[in-house]
Amino acid sequence: MENSDYILFLDESGQTKANPYLLLGGIIISRTNYKNFLIPSMQETKSILGNSNIVFHYTNMLKKQKDFKMMCSNGDICTRFWDSLRNSINSVDFKIITAFTNIKEYLKEYPQLCHDAYELLFSCIINNYIHFLTKNNARGSIVFEAREETQNRKIQKHYFDILQNGTNIYMPDAIDKYITTTSFTVKEENSIGLQLADIVAYNCIRHINNYNIEHGMWDILKTKIYDGNKKDINSYGLVKLF
């Protein structure tokens, strides 16, 4: 095994009035594919908008607002941009893993002394990430999207607990063996991996809620969902808890 062959970029999509689910998920990609293929491909897509360093925020992209306003007045640029983005995502080898739960249903079923929902989702993500790493005889790191300090500390505590106690499947030794490092990064630092994780989380929530998914994005993303090499995405890549 090398020091760290893969990176898991993680984002979350929170509960809203239109969405009862909390989802944690993102992409697993090899360092080689990330540096040599994903970054250059996405920068080429960004250059269509005249700035290869623009930061992708998926909601802003869909609404054509802020850094994406130019797509309102130029249909050709808009079409070229979305075509290029789909091609960029489709051309790079990576896997999607997510876990989600209906917060209201979970708290209704387990109203007292239950584990935090985020903790359960994170543990599920760790299980399936290690499953992927063992199948590929590899090690990997985790990159979280940085939030406000209190939430970052909460995530760090969850990970420390897993390091000490393991998950419901893996012993602590497995965590130590297969996961090398964890870190926090903000999208504004132009982390292409986190920007793609944002796209993944948004569209997975749309799919889960049976909402329309624009620009044909789901046709591409669904082919990337990790199935445990068993054609079982519901156990490994798009996992509903409670």
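Up top is the structure these notes are about.
Draft legend 1. Structural context of helix H9 (residues 192-208). In this model H9 runs 24 Å from its N-terminal to its C-terminal C-alpha over 17 residues, within 8% of the 24 Å that 1.5 Å per residue would give. Most of H9 is tucked away: 14 of the 17 residues are buried. One or two residues past the end of H9 sits Asn 210, with phi positive at roughly 60°.

Draft legend 2. Region of interest: the pattern of salt bridges. Using the criterion set out here, one finds six salt bridges in the structure. Here Lys 154 and Asp 116 are joined by a salt bridge, their closest N and O atoms 3.2 Å apart. Here Lys 154, found in helix H7 (residues 149-165), pairs with Asp 116, found in the loop between helix H5 (103-109) and helix H6 (117-135); they are 38 residues apart in sequence, far enough to count as distant.

Draft legend 3. Spotlight on the packing of H6 against H7. Where H6 meets H7, the closest approach of the two axes is 10 Å, and the angle between their N-to-C directions is 55°. As judged from the angle between their axes, H6 and H7 are oblique. As for the relative orientation of H6 and H7, their crossing is right-handed in sense. Touching Tyr 118, Glu 119, Phe 122, Ser 123 and Ile 126 of H6 are Ile 155, His 158, Tyr 159 and Ile 162, all from H7.

Draft legend 4. Spotlight on the nonpolar core. In terms of nonpolar packing, the biggest core is built from 46 residues, with Trp 82 and Leu 85 touching the most fellow members. For this core, the secondary-structure elements that each account for two or more residues are strand S1 (6-13), strand S2 (21-30), helix H1 (31-47), helix H2 (58-63), helix H4 (75-91), strand S3 (95-102), H9 and helix H10 (217-221). In terms of residue count, the dominant contributor to this core is H9 (10 residues). Core analysis: the next-biggest nonpolar cluster, separate from the first, contains 36 residues, Leu 22, Phe 122, Ile 126 and Ile 142 among them.

Rules behind the numbers
- Residues numbered from 1 in each chain as written.
- Predicted model: local features only at pLDDT ≥ 70, side-chain atom pairs only at ≥ 80, totals over all residues.
- Heavy atoms only, no water.
- Helix = DSSP H or I, 4+ residues; strand = E, 2+ residues; numbered from the N terminus.
- Expected span 1.5 Å × (residues − 1).
- Buried < 20%, exposed > 50% of the residue type's maximum accessible area, 1.4 Å probe, protein only.
- Salt bridge = Lys/Arg side-chain N within 4 Å of Asp/Glu carboxyl O.
- Axes fitted to C-alpha atoms, helices over the stretch in contact; angles between N-to-C directions.
- Parallel < 35°, antiparallel > 145°, perpendicular 65-115°, else oblique.
- Left-handed = near helix turned anticlockwise from the far one by under 90°.
- Contact = heavy atoms within 4.5 Å.
- Core = buried A, V, L, I, M, F, W, Y, C linked by side-chain atoms within 4.5 Å.

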